[in-house]
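The chain contents come next:
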Amino acid sequence: MTTSAQGTPSPAPNGPTANAMRRALKRARDGVALDAAEAAVLLQARGDDLKDLTASAARVRDAGLEAAGRPGIITYSRSVFIPLTRLCRDKCHYCTFATVPGKLRRAGHGMFMSPDEVLAIARRGAELGCKEALITLGDRPEDRWPEAREWLEAEGYDDTVAYVRAMAIRILEETGLLPHLNPGAMTWTDFQRLKPVAPSMGMMLETTAERLWSEPGGPHYGSPDKEPAVRLRVLEDAGRSSVPFTSGLLIGIGETHEERAESLFALRRVSRAYHGIQEVIIQNFRAKPDTAMRGMPDAELADLVATVAVARHILGPSACIQAPPNLVDAEYERLIGAGIDDWGGVSPLTPDHVNPERPWPQLDELAERSAAAGFALRERLCVYPEYLQRGEPWLDPRLLPHVRALADPDTGLAREDALPAGLPWQEPEEAFTSSGRTDLHHTIDTEGRTGDRREDFDEVYGDWEALREAAAPGMAPSRIDADVKSALATAADDPTRLTDPEALALLHADGPALDALCRIADDLRRAAVGDDVTYIVTRNINFTNVCYTGCRFCAFAQRRTDADAYTLSLDQVADRAQQAWDVGAVEVCMQGGIHPDLPGTAYFDIARAVKERVPGMHVHAFSPMEVVNGATRTGLSIREWLTAAKEAGLDSVPGTAAEILDDEVRWVLTKGKLPTATWVEVIRTAHELGIRSSSTMMYGHVDQPRHWLGHLRLLASIQQETGGFTEFVTLPFIHTNAPVYLAGIARPGPTTRDNRAVTAMARILLHPHIPNIQTSWVKLGAEGAAEMLRSGANDLGGTLMEETISRMAGSSYGSYRSIQDLVAIADLAGRPARPRTTTYGPVSEERRTAALASDGHLPELLPVLGD
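Residues numbered from 1 in each chain as written. Predicted model: local features only at pLDDT ≥ 70, side-chain atom pairs only at ≥ 80, totals over all residues. Heavy atoms only, no water.

J.: Help me out: how do you make sense of the overall build of the chain in this one?
T.: A tally of regular secondary structure across the chain gives 36 helices and 23 strands. Taken against the 2.2 N^0.38 rule, which gives 29 Å for 867 residues, the C-alpha radius of gyration of the chain at 29 Å falls within 12% of a compact globule. For the chain, the C-alpha atoms occupy an extent of roughly 85 × 60 × 55 Å along the three principal directions. Here the contacts in the chain between residues at least 6 apart in sequence split such that 78% fall between residues at least 24 apart. As displayed, the chain offers around 31,200 Å² of accessible surface, 50% of which is attributable to carbon and sulfur atoms. (Helix = DSSP H or I, 4+ residues; strand = E, 2+ residues; numbered from the N terminus. Rg over C-alpha atoms; globule rule 2.2 N^0.38 Å. Contact = heavy atoms within 4.5 Å. Areas by Shrake-Rupley, 256 points an atom, 1.4 Å probe, with all protein chains shown as cover.)

Shown next as structure tokens:
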């Protein structure tokens, strides 16, 4: 039988046959990977079958503990439970934690705990030797309750996440406890905001059974944050953000055995892809009075035991599996025998506010009962030892002093004799110390890179095999239904009338049809911007290549310990800008890796350093990913951060970090980069503030023409709204040293056909909104760039002076082109050339004269060496 969410038993399919149970048990004993059907069978094991199942699960657990270097150890975390707010926008039918504003007022409580209340609990916990502050709260209460929104506004917080962040910092600084944050369903941006203030976070998956959310009467009906797809996205975003994350299942809320098995496999898929799920909690439902599910029977202990054992078999020996000790009626040995290796948080001070009727066991009793089962009880921190050992990027540098103060350096577990003490939460000192291979911008052309990949190639990007599976659907070609001849006629007559099927047909064009398409695009270019080929005298300054974001297409990013890693000092950045000005540049383009030691204000310092040295230089800097990094590290909104950057000297932003603006492709290309919606938010906000940007598309990897079409349509819609794009830049994927290519997933870059079609269709689909289409000599060479000038492009980009990103990826076309070189490329296309500014205005006579006087002599002046 199963039980409905209302508590009414409903007929269930017949249980498994004896043969099915024997076969599944044998596969479990033999260590053969189970499928979902076999897992569903084993979830129903009882009696001797359950003993057989738990015995094999315990062996798997023991092997994992042996491999981890802690055999015979079961762990727990000494914690305090801080219910920051009990208001919630969801309406889970079993929950007594969430309440309403009226009840809080009648009980004399505020809508949120005050800072004094939070810190009083944390300080008392520190005195008792606790090391974890478990901050739990309802999901986004301000979206449902005006009282919550009014409280946050009165206290000066933009949203609940901002208050969580502020309290986490105060707990770190004033008590030394380590925050473990459970704020519910977080966005990717929320993770970026909270990662610097908490070593770990969590959210229960609960179940992937969508009907329990979508159907009236279901336990999650009316709860937007309990949609399974939303919760799985949260788990994936945690992994993409390299956040050690706790999740798990709530069993017995109306799900079938098959649905429960699928939930376990969903956890395994996410864990395998990102290696970020640090523990899985298997929690049994307990009915509570005054809830809609008060009449539903509690999940049976045998059901919990079987689920723990099946979870162990599915998740494997390295998984950490927990069962809350206060919900198992002191049947500790049965849970240990089923394969758990952790008891979770146990508090000597605060109750379990989610299950207040179930007090925590005494630690002495828990130790004794664990010992009776053959296990020593050891204290851990809120972040598991494996993540301490992995180091970057899993722990933010600002948290390392707090974690190291409490961790045993040999085991990564807690030092049980350590008493927490507050430590400053601050940026690393001397962020702009010159280090590493600072001449890489020069020696990349003479000596090359040290190796074709990082030493952590097999770990930093996630699981390559899981990625291959995820990439396969997106790489399937689209069916072309529209007639190419008809589509060409529409493009020639009025490109704004092209339908998506017609545009897709043209993106697939080849042979004579492609030639005709390029002629149409070239005619359109002539009508829109004339025959002049424009270029800009500029210098790229990549101020660091240290980055742990995990972009799988990027060969530029290095760990701080890699041979090719470097970081420039502020003086070196300013020196290079000064040198560029001296030889006629009108712009510096500055971008860098997401270095964990650089504070969010570092970008302001960089812009200010250039403007103080060269006031007339246009500062074109900081991709949307860098903007988000700066904003989340400073605690500012994107708008506030961009406003401050503009005041510091930022003039425009590069529209890089776009890659393909389709998350189906983005999550194959990158592990931790910002999602499409966040890229769009940054660009729109910049435009609204008067900060213009370029726009880009990197193509030819795991994408298809349908993705190019969606990307170009999105850019056109943004431009119609804001008018802030200065140009569109085509960026062919350089595959040679790209990790996603070395792993055998991506194509070896776009073909010549692809390049011509993308350039021509960019001209056509972005007309008349974005008139300037730029091609890349760095990626295509002189002949290739000239061909794109005949296919709709009108701009060659910049002289660059230095270029390490494409060169590290394997581009063979150098790092510098003189003005004469760029004019020669335009000559190949039969067109005149002229210089421009960043915003496509005329260049002053003084700048033109300086540039021409130094033209061709730059290699003697560059690079800045001897620093």
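J.: Which parts of the structure should I look at to understand unusual backbone geometry?
T.: Comment: phi is negative for the bulk of residues other than glycine, and the bulk of peptide bonds are trans. Omega for the bond connecting E392 with P393 falls within 30 degrees of zero, at 10°, which places this linkage in the cis form. Inspection of the secondary structure puts P393 in the loop between helix 15 (385–390) and helix 16 (400–406). Of note, the phi angle at E206 is positive, near 75°, even though the residue is not glycine. Structurally, E206 can be placed in the loop between strand 6 (200–202) and helix 9 (211–214). For Y840, which is not glycine, the phi dihedral falls at a positive 70°. Along the polypeptide, Y840 turns up in the loop between strand 23 (833–835) and helix 35 (845–854).

J.: I keep staring at the packing of aromatic side chains and nothing clicks. Help me out?
T.: Think of a pair of aromatic rings as described by two things: how far the centres are apart, and how the planes are tilted against each other in angle. What the rule picks out here adds up to 14 aromatic pairs. Between Y603 and F622, the ring centres sit 5.1 Å apart and the planes meet at 70°, which makes this aromatic pair edge-to-face. Placement of the pair is Y603 in helix 24 (residues 602–613) and F622 in the loop between strand 17 (618–621) and helix 25 (624–634), with a sequence separation of 19 residues. Accessibility expressed as a relative area gives 1% for F622, which makes it buried. Connected via pairs of aromatic rings, a cluster forms that spans F543, Y603, F604, F622 and W641. The ring of W667 carries R240 above its face, with NZ or CZ at 3.7 Å from the centroid. (Phe/Tyr/Trp six-rings, centres within 6.5 Å; stacked < 30°, edge-to-face > 60°. Buried < 20%, exposed > 50% of the residue type's maximum accessible area, 1.4 Å probe, protein only. Lys NZ or Arg CZ within 6 Å of the ring centre and 35° of its normal.)

J.: Which parts of the structure should I look at to understand the packing of helix 22 (residues 511–529) against helix 31 (residues 752–766)?
T.: Relative orientation and spacing of two packed helices are given, respectively, by the angle between their axes and the distance between those axes. At a closest axis distance of 9 Å, the pairing of helix 22 and helix 31 adopts a crossing angle of 40°. With respect to helix 31, the element helix 22 is oriented oblique. The crossing of helix 22 and helix 31 is left-handed. Contact residues: L514, D515, L517, C518, I520, A521, L524, R525, A528 and V529 in helix 22; R753, R756, A757, A760, M761, R763 and I764 in helix 31. Residues that form the contact of helix 22 with helix 31 fall into these classes: 12 nonpolar, no polar and five charged. (Axes fitted to C-alpha atoms, helices over the stretch in contact; angles between N-to-C directions. Parallel < 35°, antiparallel > 145°, perpendicular 65-115°, else oblique. Left-handed = near helix turned anticlockwise from the far one by under 90°. Nonpolar A, V, L, I, M, F, W, Y, C, P; charged D, E, K, R; others polar.)

J.: What is the right way to look at the nonpolar core in this model?
T.: One recurring pattern in soluble globular proteins is that nonpolar side chains are buried together. The biggest cluster of nonpolar side chains holds 128 residues, and the ones touching the most others in it are M590, F622 and W679. Looking at this core element by element, the count peaks at eight residues for helix 31. When sequence neighbours within four positions are dropped, the list of residues in contact with F622 reads F543, M590, Q591, Y603, I606, A607, V627, W641, L650, V653 and P654. In terms of nonpolar packing, the next biggest core, distinct from the first, is built from 119 residues, L65, A273, Y384 and A466 among them. (Core = buried A, V, L, I, M, F, W, Y, C linked by side-chain atoms within 4.5 Å.)

J.: Which parts of the structure should I look at to understand the environment of V328?
T.: Locating V328 in the fold gives a position in the loop between strand 9 (321–322) and helix 13 (332–338). Sequence-wise, V328 and A287 are 41 residues apart; in three dimensions their C-alpha atoms are separated by 14 Å. If we skip the residues at most four places from it in the chain, V328 touches R286, L301, L304 and L335.

J.: Explain helix 23 (residues 570–582) to me, please; I cannot follow it from the model alone.
T.: Residues lying three or four places apart along an α-helix face the same way, a consequence of the helix completing one turn every 3.6 residues. Taking 1.5 Å as the rise per residue, helix 23 with 13 residues should run 18 Å; its terminal C-alpha atoms sit 18 Å apart, in good agreement. Listing the buried residues of helix 23 in full gives Q572, V573, A574, R576, A577, Q579 and A580. Looking one or two residues past helix 23, G584 carries a phi angle of roughly 100°, positive in sign. (Expected span 1.5 Å × (residues − 1).)

J.: Just checking my understanding: could you explain the pairing of strand 17 for this structure?
T.: Consecutive side chains of a regular strand alternate in pointing toward one face of the sheet and then the other. The alternating pattern of strand 17 places H618 and H620 on one face and V619 and A621 on the opposite face, and all of these are buried. Bridge count between strand 16 (residues 587–591) and strand 17: four bridges; the pairing is parallel. When the bridges of strand 17 are listed, C589 appears paired with H620. (Pairing = 2+ DSSP bridges.)

J.: When you look at the packing of helix 20 (residues 484–493) against helix 21 (residues 500–507) in this model, what are you seeing that I'm missing?
T.: Remark: helix 20 packs on helix 21, axes separated minimally by 9 Å, with the N-to-C direction vectors making an angle of 105°. Judged by the angle between their axes, helix 20 and helix 21 are roughly perpendicular. Together, V484, S486, A487, L488, T490 and A491 of helix 20 and E502, A505 and L506 of helix 21 make up the contact between the two elements. Residues of the contact of helix 20 with helix 21, tallied by class, amount to six nonpolar, two polar and one charged.

J.: Explain the pairing of strand 11 (residues 376–379) here, please?
T.: Burial along strand 11 is one-sided: L377 and E379 are buried, and none of A376 and R378, which face the opposite way, are. Relative to strand 11, strand 3 (residues 73–85) is paired through four bridges, and the arrangement is parallel. When the bridges of strand 11 are listed, I73 appears paired with A376.

J.: Teacher, can you tell me more about the pattern of salt bridges here?
T.: A side chain of one charge can pair with a side chain of the opposite charge when the charged atoms of the two come close. Evaluated as defined, the whole model comprises 60 salt bridges. The partner of R123 in a salt bridge is E174, and the shortest N-O contact between them spans 2.7 Å. On the criterion of sequence distance, the pair formed by R123 in helix 5 (residues 115–127) and E174 in helix 7 (residues 160–174) is long-range, its members being 51 residues apart. Residue E174 is classed as partly exposed on the basis of its relative accessible area, which comes to 32%. Of the charged contacts in the structure, one is a salt bridge between D237 and R240, with a shortest N-O distance of 2.7 Å. Taken together, the residues span about one helical turn, with D237 and R240 both in helix 10 (residues 228–240) at a distance of three residues. (Salt bridge = Lys/Arg side-chain N within 4 Å of Asp/Glu carboxyl O.)

J.: What am I meant to see in the environment of Q572 here?
T.: Along the chain, Q572 turns up in helix 23. Residue classification places Q572 among the buried residues on the basis of a relative accessible area of 2%. Q572 sits 225 residues away from S347 along the chain, and the two C-alpha atoms are 52 Å apart. Of the polar contacts made by the side chain of Q572, one reaches the backbone nitrogen of S569; its length is 2.8 Å. (Polar contact = N/O pair within 3.5 Å; in protein donor to acceptor, adjacent residues only side chain to side chain.)

J.: Please clarify how the confidence of the model for the chain should be interpreted in this entry.
T.: Parts of the prediction with low pLDDT should not have their coordinates interpreted in detail. Across the chain, the average pLDDT comes to 90, with 90% of residues at 70 or higher. Within the model, the stretch residues 1–12 combines pLDDT values under 50 with 28 contacts to residues more than four positions away or in other chains. A low-confidence stretch, residues 863–867 stays under pLDDT 50, and its non-local contacts, those more than four residues away or across chains, total eight contacts. (pLDDT = per-residue confidence, 0-100.)

J.: It is not clear to me how the side chain of R666 should be interpreted in this structure. Could you clarify?
T.: With respect to the element layout, R666 can be found in helix 27 (residues 663–669). The buried charged residue R666 lacks any salt bridge, with D663 as its nearest oppositely charged partner at 4.0 Å. A polar contact is formed between the side chain of R666 and the backbone oxygen of A657, at a distance of 3.0 Å. In contact with R666, other than residues within four places in its own chain, are A657, A658, E659, I660, L661, K673, L674, P675 and T676. (Lys, Arg positive; Asp, Glu negative; His and termini not counted.)

J.: How do you make sense of helix 22 when you look at a structure like this?
T.: Look at helix 22: 27 Å from first C-alpha to last across 19 residues, which is about the 27 Å you get at 1.5 Å a residue. Where helix 22 is concerned, the buried positions are L514, A516, L517, C518, I520, A521, D522, L524 and R525. On its buried side, helix 22 packs onto helix 20, helix 21, helix 31 and helix 32 (777–789). In the stretch just after helix 22, G530 is the one whose phi turns positive, near 85°.

J.: How should I be thinking about the environment of T307 in this particular structure?
T.: Looking at the element boundaries, T307 is found in helix 12 (residues 301–315). Setting aside chain neighbours within four positions, we find T307 in contact with L43, I251, R260 and I282.

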